[in-house]
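Residues per chain are reported as follows:
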Amino acid sequence: MRKFRILFVSILLMSILTTSICLCACHDNDEPNNQDWIKIHNYSSFSLKYNNYSAILHSVEDIMSICDKDTSPIFKKSGYDQNKQIIDTLKEYDEEFFIDKSLIVIFRLRDGFPYYVKDFEIIDESFNITLARDLPKEPAVYPDVVIAITCVYILEFDKEKIKDVTQINVQEILIQQ
């Protein structure tokens, strides 16, 4: 009976260990787009001063500054109402969020085909991000008129991780399947 008990406990422990290893191996923390702290929003009608713009937001005051109708560095005053969706999304971040976190926000105007976050790295004072789009395997026929969309990438980071970042470098690549 004692040998049976030792065998049973050994099998049980091996099962738990094997299950733990499998669960940990299947979860890829390094794959950016599987993370809930990366939010990508696509809009078809924005009124922006620049097609490509990036900002680091460390506080609610930073959000208010970027969203201010009169002084926004990105949103045009004349088309402010067109930007209401993303402005409301940004204003959802409150004082409590900014206690430990900061945001990197990237605006990119694209030809109807959004890019995903392939990878990023922080080197010294630079945040380097690669946005990618997968090309179709077969040649594709696209319509003559392609609607431009604005992709807004909102990345949430621990404040400490990006405290020294002063520059955002965005690289866009096309990946052949």
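Refer to the structure above for everything that follows.
A quick note: this is a predicted structure, and the numbers were derived from the prediction, not measured.

Analysis parameters
- Residues numbered from 1 in each chain as written.
- Predicted model: local features only at pLDDT ≥ 70, side-chain atom pairs only at ≥ 80, totals over all residues.
- Heavy atoms only, no water.
- Helix = DSSP H or I, 4+ residues; strand = E, 2+ residues; numbered from the N terminus.
- Buried < 20%, exposed > 50% of the residue type's maximum accessible area, 1.4 Å probe, protein only.
- Pairing = 2+ DSSP bridges.
- Axes fitted to C-alpha atoms, helices over the stretch in contact; angles between N-to-C directions.
- Arc of directions from axis to C-beta.
- Contact = heavy atoms within 4.5 Å.
- Salt bridge = Lys/Arg side-chain N within 4 Å of Asp/Glu carboxyl O.
- Phe/Tyr/Trp six-rings, centres within 6.5 Å; stacked < 30°, edge-to-face > 60°.

### Things to note about unusual backbone geometry
Stage number 1. With phi around 55°, Asp 124 is a residue other than glycine that occupies positive phi space.
Stage number 2. Looking at the secondary structure, you find Asp 124 in the loop between strand E4 (116–123) and strand E5 (126–135).

### What to know about the environment of Lys 84
Stage number 1. For Lys 84, the position within the fold is in helix H3 (residues 84–91).
Stage number 2. With a relative accessible area of 48%, Lys 84 lands in the partly exposed category.
Stage number 3. Taking the C-alpha atoms as reference points, Lys 84 and Phe 46, separated by 38 residues in sequence, lie 9.0 Å from one another.

### Considerations on the sheet that holds E4
Stage number 1. Across the sheet, three strands lie side by side as E4-E5-E7; this open sheet has mixed pairing. This sheet does not close on itself; its edge strands, each paired only once, are E4 and strand E7 (167–176). Here the strands of the sheet are splayed against their neighbours by 20° on average, with no regard to which way each runs.

### Brief notes about H3
Stage number 1. Those residues of H3 not exposed but buried are Ile 86, Ile 87, Thr 89 and Leu 90. One side of H3 holds all its buried residues, which, seen down the axis, span an arc of 160°.
Stage number 2. Residues of H3 that are buried make contact with strand E1 (38–43), helix H2 (60–67), strand E3 (101–110) and strand E6 (149–158).

### Section: the pattern of salt bridges
Stage number 1. Under the definition given, this model contains seven salt bridges.
Stage number 2. Between Glu 172 and Arg 108 there is a salt bridge, with its nearest N and O atoms 3.0 Å apart. Linking Glu 172 in strand E7 with Arg 108 in strand E3, this pair joins segments that are 64 residues apart in sequence.
Stage number 3. A single salt-bridge network, built from bridges that share partners, covers Arg 108, Arg 110 and Glu 172.

### Considerations on the packing of aromatic side chains
Stage number 1. Scanning all chains against the criterion turns up twelve aromatic pairs.
Stage number 2. Here the aromatic rings of Tyr 50 and Tyr 53 are separated by 6.4 Å at their centres, their planes lie at 10°, and the arrangement is stacked.
Stage number 3. Plain terms: the ring middles of Phe 127 and Phe 157 are 5.5 Å apart, the flat faces sit at 75° to each other, and that makes the pair edge-to-face. With Phe 127 in strand E5 and Phe 157 in strand E6, this pair connects stretches of sequence that are 30 residues apart.
Stage number 4. Each residue in the set Tyr 43, Phe 46, Tyr 50, Tyr 53, Phe 75 and Phe 107 is aromatic and connected to the rest through ring pairs, giving one cluster.

### Digging into the sheet that holds E3
Within a sheet, neighbouring strands are paired by backbone hydrogen bonds and run either parallel or antiparallel to one another.
Stage number 1. Taken together, four strands build an open sheet; the order of strands is E1-E6-E3-E2 and the sheet is antiparallel. Single-partner strands in this sheet number two, and they are E1 and strand E2 (52–57). Each strand axis lies, on average, 15° off the axis of its neighbour in the sheet, ignoring direction.
Stage number 2. Sheet topology note: the E1/E6 ladder contains six bridges and is antiparallel. Each bridged residue has a counterpart across the sheet, and for Ile 38 the counterpart in E6 is Leu 155.

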